[in-house]
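Listed below are the residues making up each chain.
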Amino acid sequence: MGQHDGRVPDTFDVVVAGGGLVGASVAYELVLRGARTLLVDRHDAARATDAGAGILSAETLAVEDDVWSALAFSSAEHYRALVPRLAERGAGDPGYAECGSLSIAFREWDDDHFAATAQLIARRAAGVVEEISERDARAMFPLLGPVRRVLFNPMAARVDGRAMTRVVLHAARDLGLYRRPGSVRAIEAAGGRVVAVATDRERIPCAAAVVAGGAWSPELGAPLGVELPVAPLRGQIVHLATDAPGTGEWPILQPVLSYYVVPWPEGRLVVGGTMEPDVGFDASTTVDGLLGLLSEAVQLVPGISGAALREVRVGLRPASVDDAPILGPLPGVDGAFVATGHGANGLLLGPYTGKLVAEAVLGVAVPELEPFGVDRFAPPISG
Ligand SMILES: Cc1cc2nc3c(=O)[nH]c(=O)nc-3n(C[C@H](O)[C@H](O)[C@H](O)COP(=O)(O)OP(=O)(O)OC[C@H]3O[C@@H](n4cnc5c(N)ncnc54)[C@H](O)[C@@H]3O)c2cc1C
């Protein structure tokens, strides 16, 4: 195992289709376990990983389902172990920081929702997340405007999706990952099992393939007769430049009924993200989108009204019909697997679900994946 000599093998154990954080994580975990792996990525401009805000906060996720929530907690735990491991490999800085978060009610009509959120969080993270005063909140985030109620989650972290993917791929390359730019056209099966992957350039024999194409994943399931109920959920997100000092130490703001603000070093504040389910693969920046983001954010943080608009990013989240990720084997075709549908939480979930799916590809029984299989969408058998 280890960095290869540059010669490209004729066949692979596994081909991973899609190189956002999810596909990169699957590939990394595969090479870590010694599988001869090729990653093929088209790097669509609107891929979600490149736009993601990077909030990692399992404690404050508005998810009722306990199994889903447990996956989020395991994912956060996994980050805490993975980031130092990647650093030991000298793979670069993923922009990870355990910065904490503030869940906020700042308008009268937020109160009921805040109470419900506080109840859910208390069930999930009793003794960890606590209500704090407005004064304490402002001591942590000096530009914060008037607020009514605030919960502080010291466990929340942030990560730069682009940098994290780069770091994971750097480590994977050192472990022997092969990569090709390109578009996977189809996963080919014969006799009920995967035999090759066809790209726009070549046919690559392989024993297994993983669909990790984000919002574009359904086009790879269809030829295998598997419907992947995933659709693009557009998110616009604005990067602002302020001259406020110490922003790298500030917590994330998560108003219960409005847009979040993620602080980064050197005065950068990121406001996001719109949730636009009805625009298909259109990755435009829109007047409505920016107006909504900025008018809400300026109420929460009046101090940003003079900030410079640095950049707008747009990404298409891979949203599944039930909002939970779709993970594990594709039914009916031995060697075909999927890792998609991570929706608004793929930066949190991606590295951990990548590990679980890689284990499944290599034949390990992974009970944690069972609730997230694509077979949960199969119509009930009648009669
Ligand atoms: C505005 C915004 C804010 C977000 N904030 C957060 C957050 O705070 N916390 C969080 O956890 N998550 C967040 N997310 C969600 C997170 O970014 C996504 O869930 C995650 O990045 C999905 O990763 P992915 O690898 O599945 O998909 P993507 O990042 O979309 O990557 C898919 C890749 O597959 C490639 N591909 C597709 N089809 C093919 C093919 N046939 N052949 C080859 N390559 C192919 C694409 O080109 C692309 O490179 C946010 C997303 C957005 C848009």
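The structure this text deals with has already been given above.
Here is a short report on the structure shown in this document. As a convention, each chain's residues are numbered from 1 in the sequence order in which they are written. Only residues with pLDDT of at least 70 are given local features in this predicted model, and only at 80 or more are side-chain atom pairs given and counted; all residues enter the totals for whole chains, interfaces and linings. Only hydrogens and water are set aside; all other atoms, that is, all heavy atoms of the structure, feed into the side-chain values.

## What about the site of the ligand?
Residue proximity to a molecule or strand is established when one non-hydrogen atom of the residue lies within 4 Å of it. Around the ligand, a shell composed of 38 residues is seen, among which Asp-41, Asp-44, Thr-49, Gly-343 and Leu-348 lie nearest. Throughout this description, a polar contact denotes any pair of N or O atoms lying within 3.5 Å of each other; where both atoms belong to protein, one of them has to be capable of donating a hydrogen while the other can accept it, and for residues adjacent in sequence the pair is counted only when both atoms sit in side chains. The backbone of Leu-21 places a nitrogen or oxygen atom 3.4 Å from an oxygen atom of the ligand. Between the ligand and Thr-49, the relevant distance is 2.5 Å, taken from an oxygen atom to a side-chain nitrogen or oxygen of the residue. The method behind every accessible area is Shrake-Rupley, applied with a 1.4 Å probe, and residues are considered shielded solely by the protein chains displayed. Contact with the protein chains hides 99% of the accessible area of the ligand, taken as 1000 Å² for the molecule alone. Looking at the shell around the ligand, the elements that each hand over two or more residues are helix H1 (21-32), strand E2 (37-41), helix H2 (48-51), helix H7 (218-221), strand E16 (308-320) and helix H9 (346-361). Secondary structure is summarised from DSSP: a helix means a run of H or I of at least four residues, a strand means a run of E of at least two, and numbering begins at the N terminus for each.

## Comments concerning unusual backbone geometry
A positive phi angle, near 45°, is found at His-43, a position not held by glycine. Within the secondary structure, His-43 is located in the loop between E2 and H2.

## Observations regarding the pattern of salt bridges
A pair is scored as a salt bridge if a Lys or Arg side-chain nitrogen falls within 4 Å of a carboxyl oxygen belonging to Asp or Glu. All told, the structure shown has 25 salt bridges when counted by the stated rule. For Arg-107, the salt bridge identified is with Glu-296, shortest N-O distance 3.2 Å. A residue pair is termed long-range when its members are at least 10 positions apart, and Arg-107 in the loop between strand E4 (101-105) and helix H4 (111-125) and Glu-296 in helix H8 (residues 287-300) qualify at 189 residues. On the basis of relative accessible area, Arg-107 is assigned to the buried category, the value being 8%. Several salt bridges converge on common partners, so that one network encompasses Glu-29, Arg-33, Lys-355 and Glu-359. Relative accessible area decides the class of each residue, using a 1.4 Å probe on protein chains only: under 20% of the type maximum gives buried, over 50% gives exposed, and in between gives partly exposed.

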